[in-house]
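# Inside the fold
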Amino acid sequence: MFALVKIEGTLDELRELFVEGAKKEARKIARKAGADVVKSTVKRTKSAWQRFMANPKKQIRFKTGKRKGRLDLKRMAAAYRREQRKGGK
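Summary of the structure given here. (Residues numbered from 1 in each chain as written. Predicted model: local features only at pLDDT ≥ 70, side-chain atom pairs only at ≥ 80, totals over all residues. Heavy atoms only, no water.)

## Some details on the overall build of the protein
A tally of regular secondary structure across the protein gives 3 helices and 0 strands. When the helices and strands of the protein are read in sequence order from the N terminus, they spell out α-α-α. Considering the protein as a whole, with its 89 residues, one finds that 8% of them fall into the buried category. (Helix = DSSP H or I, 4+ residues; strand = E, 2+ residues; numbered from the N terminus. Buried < 20%, exposed > 50% of the residue type's maximum accessible area, 1.4 Å probe, protein only.)

So this is what it looks like as structure tokens:
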């Protein structure tokens, strides 16, 4: 069974209640746990495929048809595999 509660107030007051209050509570808990500042996790290094995809020179695009302008992932994957084989020898 759920009980509905009517909440009244300005937008700033509601934001303080719900958003800012939650942030303050999270900071307080983090400090109690021994952390001065809540730090984000360490960024992982990108895989070889992700680095390949990010290089604009390696991007192969459809030239015509309904997919014009989009990346041709099938051809890019084949080019990536060729490059990996060539680099391995």
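## So, helix H1 (residues 11-32)
Given 3.6 residues per turn, any residue in an α-helix points the same way as the ones three and four places further on. With 22 residues, H1 should cover 32 Å at 1.5 Å per step; its first-to-last C-alpha distance of 30 Å lies within 8% of that length. Along H1, the helix axis deviates most sharply at glutamate 20, where the bend reaches about 35°. (Expected span 1.5 Å × (residues − 1). Bend = angle between axes of the 7 residues up to and from the residue.)

## Concerning the nonpolar core
Judged by nonpolar contacts, Phe52, Met53, Met76, Ala79 and Tyr80 together constitute the single largest core of 5 residues. Taken together, the elements giving at least two residues each to this core come down to helix H2 (48-54) and helix H3 (73-88). With 3 residues, the top contributor of residues to this core is H3. Beyond its immediate stretch of four places on either side in the chain, methionine 53 contacts Gln59, Leu71, Leu73 and Met76. (Core = buried A, V, L, I, M, F, W, Y, C linked by side-chain atoms within 4.5 Å. Contact = heavy atoms within 4.5 Å.)

## Thoughts on the pattern of salt bridges
Under the criterion given, the structure shown has 2 salt bridges. A salt bridge links glutamate 83 to lysine 58; the shortest N-O distance between them is 2.5 Å. Here lysine 58 lies in the loop between H2 and H3 and glutamate 83 lies in helix H3, a separation of 25 residues in the sequence. For arginine 75, the salt bridge is made with aspartate 72, and the minimal N-O distance between the two is 3.9 Å. Overall, arginine 75 belongs to the partly exposed group, its relative accessible area being 47%. (Salt bridge = Lys/Arg side-chain N within 4 Å of Asp/Glu carboxyl O.)

## Remarks on the packing of aromatic side chains
Inspection of every chain in the model, using the stated rule, returns 3 aromatic pairs. Ring plane angle 20° and centroid distance 5.8 Å describe the contact between tryptophan 49 and phenylalanine 52, whose orientation is recorded as stacked. A residue pair is termed a helical-turn pair when its members lie 3 or 4 positions apart in one helix, as tryptophan 49 and phenylalanine 52 do in helix H2 at 3 residues. Look at tryptophan 49 and you get partly exposed, because its relative accessible area is 29%. Summarising the aromatic geometry, the rings of phenylalanine 52 and tyrosine 80 are spaced 5.3 Å apart at their centres and angled 65° between planes, so their arrangement reads as edge-to-face. A residue pair is termed long-range when its members are at least 10 positions apart, and phenylalanine 52 in helix H2 and tyrosine 80 in helix H3 qualify at 28 residues. Neither residue differs from the other here; phenylalanine 52 and tyrosine 80 are each classed as buried. An aromatic cluster of three or more residues is present, and its members are Trp49, Phe52 and Tyr80. (Phe/Tyr/Trp six-rings, centres within 6.5 Å; stacked < 30°, edge-to-face > 60°.)

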